[in-house]
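Reading the structure
Each chain, written out:
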Amino acid sequence: MKNKILFALFILAIALSCIVNVYTLNKQSIRLDESQSLWVAPKTVPGIISYIAKDVHLPLYHILLHFWIALFGNTIIAARALSFVFFFLTIPILYKLAKEASDKKVAMLTVTLFVLSPFVMWYSNETRMYSLFTFATTANHLYFLRLMKTKGKKGRVGYILSAILGVYSHYFFNMMIGIQGLFVLGKVFLDSRKQNISVTKSITNNASILTVFGSLIFIAWLALSPWLFYVNAQGGSGNMQPLIEAPTSYNLFATFVNFIFGFQSQQIQAVIIALWPITAIFLFFLFTKRQSLVTASIGYFILVSILPIIVTFLASYFRPIFLSRYLIMVTPTLFFVLSVALVSMSKKISQILIPTLIVLLAVLSLYQNSSAQTPVREDFTQVSQYISQQATERDIVVASAPFTVYPIEYTYNGRARITTIPEWTRYGARPIPPFSEEELQKQIDKLKIQYEKIYLVLAYDQGYQKDIEDYMDNNFERLEKKEFSPGLQVRVYRFRYDLDKLFKEWQESEASESATMSGTKATPVINTRTASPSASPIR
Amino acid sequence: MAAIYISWWFNLSHVGDPVLYGLLFFGEIFHVATAVLFWYTIKPGKQKEFAPAITLKEFTPSVDIYITVAGEPVDIVRRTVLHANKLDYPNFKVHILNDGYVAKKDNWQEIEQLAKELNIGCITRKTPGGAKAGNLNNALRQTEGEIVVIFDADMAPHPEFLQKMIPYFADPKTGFVQSPQYYNNHHTNSITGAAWEQQEVFFGPILRGKDKSNAVFICGTNVAIRKTALLGVGGMCEDNIAEDFLTSLFIHQKGWKSFYVPEVLAEGFAPEDMLSYYKQQLRWARGSLEVVFSHNPLFKRGLTWKQKAEYLSSGLYYCSGVIIAIDALMPILALVFDLQPVSATTIDFAFYFLPFLFLNLYTLHKVTNGNVTFRSTAFSMSSWIIQLQALKSLLLKQKMTFAVTSKSAIEGNFISLAYPHILYSIAIIGAAAVGINREGLSPSVATNITWGLFNIIMFTPFIAAAGNWRWLTNWIPGAKQKRVLGDA
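These numbers were taken from a predicted model, which means no experiment stands behind them.

Calculation criteria
- Residues numbered from 1 in each chain as written.
- Chains lettered and ligands numbered in written order.
- Predicted model: local features only at pLDDT ≥ 70, side-chain atom pairs only at ≥ 80, totals over all residues.
- Heavy atoms only, no water.
- Helix = DSSP H or I, 4+ residues; strand = E, 2+ residues; numbered from the N terminus.
- Buried < 20%, exposed > 50% of the residue type's maximum accessible area, 1.4 Å probe, protein only.
- Contact = heavy atoms within 4.5 Å.
- Areas by Shrake-Rupley, 256 points an atom, 1.4 Å probe, with all protein chains shown as cover.
- Lys, Arg positive; Asp, Glu negative; His and termini not counted.
- Charge placed at Lys NZ, Arg CZ, Asp CG, Glu CD.
- Pairing = 2+ DSSP bridges.
- Axes fitted to C-alpha atoms, helices over the stretch in contact; angles between N-to-C directions.
- Core = buried A, V, L, I, M, F, W, Y, C linked by side-chain atoms within 4.5 Å.
- Patch = residues over 30% accessible without salt bridge, like charges linked within 9 Å, V, L, I, M, F, W, Y side chains within 5 Å.
- Salt bridge = Lys/Arg side-chain N within 4 Å of Asp/Glu carboxyl O.
- Arc of directions from axis to C-beta.
- Expected span 1.5 Å × (residues − 1).
- pLDDT = per-residue confidence, 0-100.
- Parallel < 35°, antiparallel > 145°, perpendicular 65-115°, else oblique.
- Left-handed = near helix turned anticlockwise from the far one by under 90°.
- Nonpolar A, V, L, I, M, F, W, Y, C, P; charged D, E, K, R; others polar.
- Polar contact = N/O pair within 3.5 Å; in protein donor to acceptor, adjacent residues only side chain to side chain.

1. Here we look at the overall build of chain A
Within chain A one finds 23 helices and 5 strands. Projecting the C-alpha coordinates of chain A onto the three principal axes gives extents of approximately 105 × 50 × 45 Å. The buried share of chain A, taken over its 539 residues, is 55%. Here the analysis covers contacts within chain A between residues at least 6 apart in sequence; of these, 73% occur between residues at least 24 apart. Split by element, the accessible area of chain A, about 23900 Å² in all, is 62% carbon and sulfur. Averaging the coordinates of the 50 positive side-chain charges in chain A and doing the same for the 33 negative ones gives two points 20 Å apart.

2. Concerning the sheet that holds strand 2 (residues 417–420) of chain A
Working definition: the strands of a sheet are paired by backbone hydrogen bonds and lie parallel or antiparallel to each other. Residue and element names in this part refer to chain A. Strand order in the open sheet formed by 5 strands is 2-1-3-5-4, with mixed pairing between adjacent strands. Unpaired on one side and paired on the other, strand 2 and strand 4 (477–485) mark the two borders of the sheet. Averaged over all pairs of adjacent strands, the angle between strand axes in this sheet comes to 20 degrees, irrespective of strand direction. Along the sheet face, helix 21 (residues 437–448) touches strand 1 (396–400), strand 2 and strand 3 (453–458) and points at about 170 degrees away from the line of strand 2.

3. Observations concerning the nonpolar core
Ranked by size, the top nonpolar core spans 279 residues in total, and within it Met472 of chain A together with Ile65 and Met274 of chain B carry the most contacts. Of all hydrophobic cores here, the second largest spans 33 residues; its members include Leu97, Val148, Ile150 and Val223 of chain B.

4. Structural notes on a positive patch on the surface
Residue and element names in this part refer to chain A. A contiguous patch of positive charge on the surface is contributed by Lys2, Lys105, Lys347 and Lys348. Secondary-structure assignment places Lys2 in helix 1 (residues 2–27). For Lys2, a relative accessible area of 54% gives the class exposed.

5. Description of helix 4 (residues 108–117) of chain B
Residues that lie three or four places apart on an α-helix share one face, since the helix turns once every 3.6 residues. Residues and elements named next belong to chain B. Of the positions making up helix 4, those classed as buried are Trp108, Ile111, Leu114 and Ala115. Projected down its long axis, helix 4 carries its buried residues within an arc of 110 degrees, all on one side. Exposed residues lying more than 90 degrees from the buried face of helix 4 are Gln113 and Lys116. Contacts made by the buried residues of helix 4 are with strand 1 (63–69), helix 3 (74–85), strand 2 (92–98) and strand 3 (121–124). Directly beyond the C-terminal end of helix 4, a positive phi value near 60 degrees is found at Asn119.

6. Overview of the pattern of salt bridges
In the structure shown here, the tally under the stated rule is 25 salt bridges over all chains. The partner of Arg286 of chain B in a salt bridge is Glu290 of chain B, and the shortest N-O contact between them spans 3.1 Å. Here Glu290 of chain B and Arg286 of chain B lie together in helix 10 (residues 274–294), a separation of 4 residues that amounts to about one turn. As far as burial versus exposure is concerned, Arg286 of chain B and Glu290 of chain B are alike and both buried. Look at the salt bridges and you will find they share partners, linking Glu469, Asp473, Arg478 and Arg491 of chain A into a network.

7. Some details on the side chain of Ser384 of chain A
Residue and element names in this part refer to chain A. In this structure, Ser384 sits in helix 19 (residues 380–390). Here Ser384 falls in the buried class, since its relative accessible area comes to 1%. Non-local contacts of Ser384, meaning those with residues more than four positions away in its chain, are made with Pro407, Ile408, Thr411 and Tyr412.

8. Here we look at helix 12 (residues 320–337) of chain B
Residue and element names in this part refer to chain B. Look at helix 12: 26 Å from first C-alpha to last across 18 residues, which is about the 26 Å you get at 1.5 Å a residue. The set of residues buried in helix 12 consists of Ser320, Gly321, Ile323, Ile324, Ile326, Ala328, Met330, Pro331, Ile332, Leu333, Ala334 and Leu335. On its buried face, helix 12 sits against helix 2 (18–42), helix 11 (305–317), helix 14 (374–382), helix 15 (384–395), helix 16 (419–439) and helix 17 (443–466).

9. Remarks on the confidence of the model for chain A
Residues and elements named next belong to chain A. Scored by pLDDT, chain A comes out at a mean of 86, with 90% of its residues at no less than 70. Averaged pLDDT values over the elements of chain A bottom out at 71 in helix 23 (residues 499–518) and peak at 96 in helix 8 (residues 130–149). Long-range and interchain partners of residues 520–539, a stretch whose pLDDT sits below 50, account for 36 contacts in this model, where long-range means more than four residues apart.

10. Focus: the packing of helix 16 of chain B against helix 17 of chain B
Residue and element names in this part refer to chain B. Two elements in contact, helix 16 and helix 17, have axes whose closest approach is 10 Å; the angle formed by their N-to-C orientations is 165 degrees. Taken as axis vectors, helix 16 and helix 17 run roughly antiparallel relative to one another. The two elements helix 16 and helix 17 meet at a crossing, and its hand is left-handed. Residues His421, Ile422, Tyr424, Ser425, Ile428, Ala432, Gly435, Ile436 and Glu439 of helix 16 touch helix 17, and the partners they reach there are Ser444, Val445, Ile449, Gly452, Asn455, Ile456, Phe459, Phe462 and Ile463. By residue class, the composition of the contact of helix 16 with helix 17 is 11 nonpolar, 6 polar and 1 charged.

11. A few points about the interface of chain B and chain A
In this complex, chain B contributes 37 residues to the contact, which on the side of chain A involves 27 residues. Counting across the interface, chain B meets chain A through 0 salt bridges. Counting every contact that joins chain B to chain A gives 2 residue pairs in polar contact (both at pLDDT 80 or more). Only helix 7 (190–212), helix 13 (346–367), helix 14 and helix 17 of chain B provide two or more residues apiece to the side of chain B that touches chain A. When residues in the side of chain B that touches chain A are grouped by element, the largest group, 13 residues, is from helix 13 of chain B. Looking at the side of chain B that touches chain A residue by residue, the classes come out as 22 nonpolar, 11 polar and 4 charged.

12. Remarks on a nonpolar patch on the surface
Residues and elements named next belong to chain A. A contiguous nonpolar patch, built from Ile302, Ile306, Ile310, Leu314, Tyr317 and Phe318 and spanning about 630 Å² of accessible area, is present on the exposed surface. Assignment of secondary structure puts Ile306 in helix 16 (residues 298–315). Assessed through its relative accessible area of 31%, Ile306 is described here as partly exposed.

As structure tokens, this is what we get:
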């Protein structure tokens with residue numbers, strides 16, 4: 001009876017997660033990255049490949065999205081549904097993985113925490129590659145463990161397929177393969193110590209797994225090599241990468257907080273992080289338990305959950321690449337480790353902690369999805385609606401950072417022209433130009449003689465947002481400032497009052513000149529508006 | 001990792017309040033030093049070579065079995081004697097060392113009658129002095145065996161005890177051989193459970209580790225000592241309340257070897273009430289602290305550096321109470337008076353501290369094969385008050401008498417022994433209120449409250465055991481297994 005109740009609750013958790021996900025498909029504004037994906041996906045496959053080669057990602061997801069939207073339409077709901085499909089497919093794979101490594105109870109808890117995780121839920125319906133990445137990683141873990149258990153006899157096909165899927169989903173997947181390699185080598189070394197034999201003998205004893213695993217990752221990397229050659233031939237990638245700051249210890253802790261508790265407001269996140277001594281209590285409970293749980297390869301799960309984060313953190317001192325969404329691949333195994341830890345505590349303690357954590361995650365997920373204060377929320381739809389209602393053809397809409405032009409264009413139905421600061425032509429996958437105050441002044445000088453008001457949309461500060469704000473505040477009258485979601489604001493400035501009068505004067509001077517020259521009344525041809533070069537193909 | 005962690009403390013830009021920082025800094029140096037000594041003790045390595053295998057036909061030195069008694073219940077002593085009489089060895093004599101008379105215990109004559117009934121020797125001391133050590137020295141003068149084996153009144157040996165222990169003495173350099181103390185009654189309540197779990201760690205990886213450095217020390221019972229080695233250092237040391245610890249140091253100074261047999265060969269009883277546990281821990285703390293302050297092993301000639309490190313490590317354990325008390329006080333000071341010992345962000349500290357803590361706990365978990373319990377760790381931490389009391393009595397040169405640990409539960413509620421812990425818990429709650437009132441639930445306040453909560457959780461098993469609150473002790477993770485023992 002107890003098992004039936006547990007199973008019913010397990011299904012309920014999955015159902016709740018799916019309902020929230022489906023509800024979110026339509027209810028949230030398009031996000032920046034999503035708009036970029038939707039801008040890229042309708043291109044031809046060669047076009048996608050060419051564009052993505054200049055970006056920091058891999059082309060598989062966008063190619064899949066290309067065919068998906070061809071079948072189901074290119075609305076945001078349809079696009080997000082593809083990510084939801086991968087999320088949904090991850091569920092049985094993760095259950096299988098956890099069950100093979102431990103038992104049914106741990107498997108159910110792992111999946112429950114995973115599906116209710118606010119972080120996972122956020123990316124499970126985002127039109128990006130993260131749920132595909134998570135799916136590939138989870139499947140890869142499953143087949144890797146089968147390889148290890150059977151010394152390479154079982155799981156080869158599954159491993160190679162999931163590895164190819166993974167290497168073409170995200171560059172960070174290669175880290176996972178590298179860690180698996182370390183694990184295999186570590187096992188050889190540990191076997192030599194446990195069995196009191198030489199390392200050479202241990203290598204001989206483990207020859208089959210070493211050979212099989214080595215061959216499989218060679219094939220996976222061989223499969224990736226054409227892409228790498230192509231990117232290199234194109235001059236490398238990362239031209240359009242937004243500015244990422246070097247991480248601090250705060251970011252490291254914030255990442256774990258994000259994984260488990262999702263994206264909360266700065267104050268809540270700061271308080272959660274400040275409760276870090278609870279980790280010390282947890283470690284005492286964890287390492288001083290008596291109840292032992294038979295868990296295959298718990299060391300592997302801990303390694304693949306923690307090492308990618310540490311490696312990325314350290315690598316970011318050379319090149320900042322530390323973003324929690326890039327590390328989403330650790331969430332399935334992290335929740336597995338957490339589940340094992342919770343289940344193997346004393347019965348009374350786990351009977352309190354487990355339901356508390358589940359309820360907390362569910363509440364936080366709901367809050368994250370519905371609250372306007374969620375830090376990662378991007379209300380570009382609201383921004384566009386606002387501008388559509390306010391701006392006229394005499395006004396100009398300017399987006400900074402430049403890549404935020406994607407979601408604005410996707411949702412904007414107004415008549416004003418859109419441009420960016422710095423001025424960026426993204427056709428042909430050109431890199432975003434660097435910011436300079438001199439160029440800013442030139443650009444504004446050009447705009448102020450043509451337009452009456454500027455609607456400045458500011459988001460994703462690349463290090464020069466304050467400079468833009470100060471320049472505009474010091475030189476022009478600010479009519480309005482409105483924040484739509486954390487970090488996304490619109491500022492309205494007036495360039496000039498007398499555009500009508502100027503226009504009339506210009507008309508009269510043109511007319512009198514023409515009359516002087518030909519003695520006839522000239523008909524003025526006014527072309528103060530040019531058609532937007534960034535007309536979105538995805539309306 | 002320890003070096004990385006301690007380097008954070010050497011960064012003077014982290015200094016907040018200098019006095020508090022200094023105290024914490026000192027505490028962390030201590031933590032790291034004891035952690036390093038612990039890792040040194042338990043590091044993997046070759047076990048010492050055992051004595052050459054010989055048959056007992058070739059080597060059967062005469063053995064005197066000493067069962068030290070000072071008022072323990074007769075039935076407990078009877079059990080021990082019955083087991084001793086069944087030792088499988090051709091050349092031994094059993095003697096009860098009856099200190100009941102000098103200790104003014106009522107049953108000293110019953111003990112004499114018991115000895116007569118069971119046809120064993122009984123040496124009833126009539127001249128007081130030296131407590132247990134004096135009792136043993138008195139017996140040394142009256143017995144002839146080449147090897148003396150000491151059992152506490154409750155420690156009943158297995159039949160194979162001598163067969164396992166005596167072969168080591170075939171090596172003429174062997175001074176003494178120690179075996180573990182096992183508590184038969186460890187499942188009785190949370191105190192016996194915690195006491196056994198603490199012993200399990202000590203008699204497990206710690207003593208095995210010390211054995212590699214020839215630094216095992218006599219633990220008062222279940223030990224076999226070569227008489228010449230003991231007499232060579234003047235017998236058992238009567239000046240120190242932990243006479244066994246100091247005597248083994250003297251024996252090592254003379255160059256004798258020691259061995260540890262990591263096998264349960266005798267079974268006794270853990271203290272069953274908080275008062276008995278408290279007194280036992282106080283005696284051990286006081287004795288070990290005396291060794292550190294009055295017989296500092298670092299300056300003892302004749303000891304190797306490994307032995308010095310191991311003796312120091314054992315003694316320093318009982319200094320941890322001071323550090324725990326300092327650490328526990330910090331959250332209160334921060335919450336009530338806004339005194340911050342460090343000026344860095346708490347997360348910056350956590351970045352260095354958590355990996356260090358993780359490694360410590362993981363190492364402990366691994367070397368004990370997962371047998372270390374939360375309860376034993378909590379009792380160890382909660383013993384800060386006992387260690388402070390021992391330190392105070394040492395510094396004030398207060399005389400401490402040798403009190404035999406009671407072998408049966410003393411009736412009563414001993415919640416008063418946990419008053420400091422309860423007061424601390426109340427103080428944290430009050431301090432939390434003050435802190436929140438002053439600055440709301442800021443990150444600094446949240447962290448300090450959590451640290452206070454950490455301490456309260458660690459003190460809870462001790463409080464629950466002292467008050468005999470079973471409804472609370474049932475929540476505390478401890479050992480589940482019950483070892484089944486054989487009867488005599």
